[in-house]
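The chain contents come next:
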Amino acid sequence: MSNKKFIPMKRSWITRTIFILSLLFSFNACDLQNENGQVPVTENKYLISYRLDNSYPKAVIDLLFSQLGSTVPEVTAIRSKINYSINVYKVTYKTTFQKQDKVASGLVCIPIGSGPFPLLSFQNGTNTLNANAPSVNPGYELYQLIEAVASTGFVVIIPDYLGFGSSSQMFHPYLHKESTVQSVTDLLRAVKEMFANHLKDIKISKDLYLMGYSQGGWATLALQKEIETKHAQDFTLKASACGAGPYNLTEMTSYVLLQQQYPMPAFLGYMMNSFIKAGETSLSYGAIFNRPYDTRVPVLYDGTKSIDEINAQLTANVNELFTIDLRNNFSSAASYASLRTALQKNSVEAWATTTPTLLLHGKKDLYVPFMISTYTYQKFLDAGAASQVTFVPLPELDHNGAIVPSGLASIKWFLDLKQ
């Protein structure tokens with residue numbers, strides 16, 4: 001969950017200058033591409049195609065971090081690790097959703113060098129606009145910062161998620177754990193095929209780092225658990241950094257229903273819409289939302305509206321948004337059993353993880369309450385994972401204010417571990 005409008009990295013003369021420089025110094029890929037720039041591939045189980053989107057020389061990336069470092073001192077530690085120019089590719093690949101074949105997409109950012117390079121998968125926060133998917137808008141400031149991390153020696157992977165990019169014809173299964181994990185894992189497999197069968201001059205290792213914030217933090221923890229417990233033979237998880245994720249959806253929903261005001265109703269509408277369309281709950285919109293919101297929610301999440309626009313069609317008043325029966329009887333009534341099951345099924349329960357794990361959360365977060373991370377951290381301790389899990393509260397920061405500090409802290413931690 002993340003409202004990108006408030007990210008403190010607005011496009012400025014610095015960003016525009018860097019963008020122009022990147023065009024001046026960009027260079028072409030040496031792969032044979034068709035007239036659309038797409039490289040069609042065959043004999044892969046997952047990878048369908050890849051296309052060079054942009055190239056960033058090391059000097060441009062160094063300038064980016066230099067300018068950013070003037071306002072964000074934490075960047076300095078990352079800047080010292082910049083060693084490579086990078087190529088940014090858009091990829092399409094095969095995955096499934098509820099046993100139906102889907103074509104999904106994402107970005108792959110590759111250091112220009114021989115390697116071997118570890119993989120770093122970044123799961124982005126809540127997005128409601130098809131136009132703002134990573135592969136559709138790779139020039140978005142936050143994506144550019146993550147793409148540039150490849151210059152430190154990672155192959156950086158940024159999934160679009162289902163419902164965006166090449167799969168924009170379907171709804172986005174927001175906070176739907178099974179499909180999120182499946183689609184991101186299949187992208188990781190497609191990237192491995194990309195190197196094994198096509199970019200053979202560049203070597204990658206089995207090492208994998210995971211990071212994400214808000215929805216991306218939740219997705220990262222879910223992915224970590226799936227890979228660690230079921231796919232350890234395919235990937236060597238080195239570390240996982242999760243920022244402000246709504247890991248326990250039952251606790252999250254219970255918290256919101258007890259409030260008078262919740263400033264981001266778009267998040268709750270997104271989740272309920274997703275669960276209804278995915279068949280996770282048998283409840284109707286009218287059983288959850290009061291009028292007129294029961295008729296608005298089904299059409300708000302069509303990929304054309306921003307979070308601000310969706311919030312403007314809803315209400316921050318919890319009593320006005322949700323039915324009185326849901327608010328009073330959510331936790332016990334049989335009529336809400338399917339919703340409780342859906343929330344539990346799509347939560348990420350702590351376990352005795354063997355992967356170094358970093359949890360970060362702003363203490364003044366009003367969108368995903370701080371207590372969600374404290375609860376999850378305690379559950380990790382109860383599971384016997386104290387030696388692997390570190391919890392870093394971020395004082396004085398709200399949900400959006402913690403996005404960049406959380407990301408920079410995660411990247412610095414990865415670089416220290418990698419070294």
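A brief look at the structure comes next. Nothing here was measured: the structure is a model prediction, and the numbers come from that model.

## A few points about the pattern of salt bridges
- All chains considered together, the criterion is met by eight salt bridges.
- The residue Asp 186 makes a salt bridge to Arg 189 at a minimum N-O spacing of 2.8 Å. Remark: Arg 189 and Asp 186 occur in helix H5 (residues 177–197); sequence separation between them is three residues, near one turn of the helix.
- The buried category is assigned to Asp 186, whose relative accessible area is 3%.
- Of the residues examined, Arg 189 reaches a relative accessible area of 17% and is grouped as buried.

## Comments concerning the packing of aromatic side chains
- Tallied over the full model, the rule gives 14 aromatic pairs.
- Here a set of aromatic residues connected by ring pairs shows up, and it is made of Phe 154, Tyr 209, Trp 413 and Phe 414.
- One Lys or Arg, Lys 192, reaches over the ring of Phe 235 and ends 4.7 Å from the middle of that ring.
- Lying over the aromatic face of Phe 154, Lys 418 brings its terminal NZ or CZ to 5.1 Å of the ring centre.

## Structural notes on helix H6 (residues 215–230)
- Its 16 residues give H6 an end-to-end C-alpha distance of 22 Å, which sits within 8% of 22 Å, the value for a rise of 1.5 Å per residue.
- For H6, the tally of buried residues reaches twelve of 16 residues, placing the bulk of the element in the interior.
- Its buried side turned inward, H6 meets strand S5 (117–123), H5, strand S7 (204–213), strand S8 (236–243), strand S9 (357–362) and helix H15 (370–382).

## Some details on the sheet that holds S5
- A sheet is described by the order of its strands in space; here ten strands give the open sequence S1-S2-S3-S4-S6-S5-S7-S8-S9-S10, paired in mixed fashion. Strands at the two margins of the open sheet, each flanked by one partner only, are strand S1 (38–40) and strand S10 (389–394). Averaged over all neighbouring strand pairs, the angle between strand axes comes to 20°, with direction disregarded.
- As paired elements, S7 and S8 share seven bridges and run parallel to each other. Across the sheet, the residue bridging to Gly 212 is Cys 242, located in S8.
- Strand contacts of H5: strand S2 (47–56), strand S3 (86–97), strand S4 (100–111), S5, strand S6 (155–159) and S7, with the helix running at about 130° to S3, the strand carrying the most contacts.

## Quick notes on the nonpolar core
- Within the largest apolar cluster, 93 residues are counted, with the highest numbers of intra-cluster contacts made by Tyr 50, Ile 110, Val 155, Tyr 262, Met 271, Phe 289 and Phe 322.
- Setting aside residues up to four positions removed in sequence, Met 271 forms contacts with Tyr 174, Leu 175, Leu 249, Thr 253 and Leu 343.
- Counting residues in each nonpolar core, the second largest holds 43 residues, with Tyr 56, Phe 65, Leu 142 and Leu 358 among its members.

## With respect to unusual backbone geometry
- Cis geometry is adopted by the peptide bond preceding Pro 116, which originates at Gly 115 and carries an omega value of 5°.
- Considering the arrangement of structural elements, one finds Pro 116 in the loop between S4 and S5.
- In this chain, Arg 291 is followed by Pro 292 through a cis amide linkage whose omega measures 5°.
- Here Pro 292 shows up in the loop between helix H9 (285–288) and helix H10 (293–300).
- Positive phi, normally seen in glycine, also occurs at Gln 98, with a value near 50°.
- By the secondary structure assignment, Gln 98 is in the loop between S3 and S4.

## Structural notes on the side chain of Glu 228
- Along the chain, the position of Glu 228 falls in helix H6.
- Within polar-contact distance, the side chain of Glu 228 engages the side chain of Trp 351 at 3.0 Å.
- Of the polar contacts made by the side chain of Glu 228, one reaches the backbone nitrogen of Thr 354; its length is 2.9 Å.

Rules and cut-offs
Residues numbered from 1 in each chain as written. Predicted model: local features only at pLDDT ≥ 70, side-chain atom pairs only at ≥ 80, totals over all residues. Heavy atoms only, no water. Salt bridge = Lys/Arg side-chain N within 4 Å of Asp/Glu carboxyl O. Helix = DSSP H or I, 4+ residues; strand = E, 2+ residues; numbered from the N terminus. Buried < 20%, exposed > 50% of the residue type's maximum accessible area, 1.4 Å probe, protein only. Phe/Tyr/Trp six-rings, centres within 6.5 Å; stacked < 30°, edge-to-face > 60°. Lys NZ or Arg CZ within 6 Å of the ring centre and 35° of its normal. Expected span 1.5 Å × (residues − 1). Contact = heavy atoms within 4.5 Å. Pairing = 2+ DSSP bridges. Axes fitted to C-alpha atoms, helices over the stretch in contact; angles between N-to-C directions. Core = buried A, V, L, I, M, F, W, Y, C linked by side-chain atoms within 4.5 Å. Polar contact = N/O pair within 3.5 Å; in protein donor to acceptor, adjacent residues only side chain to side chain.

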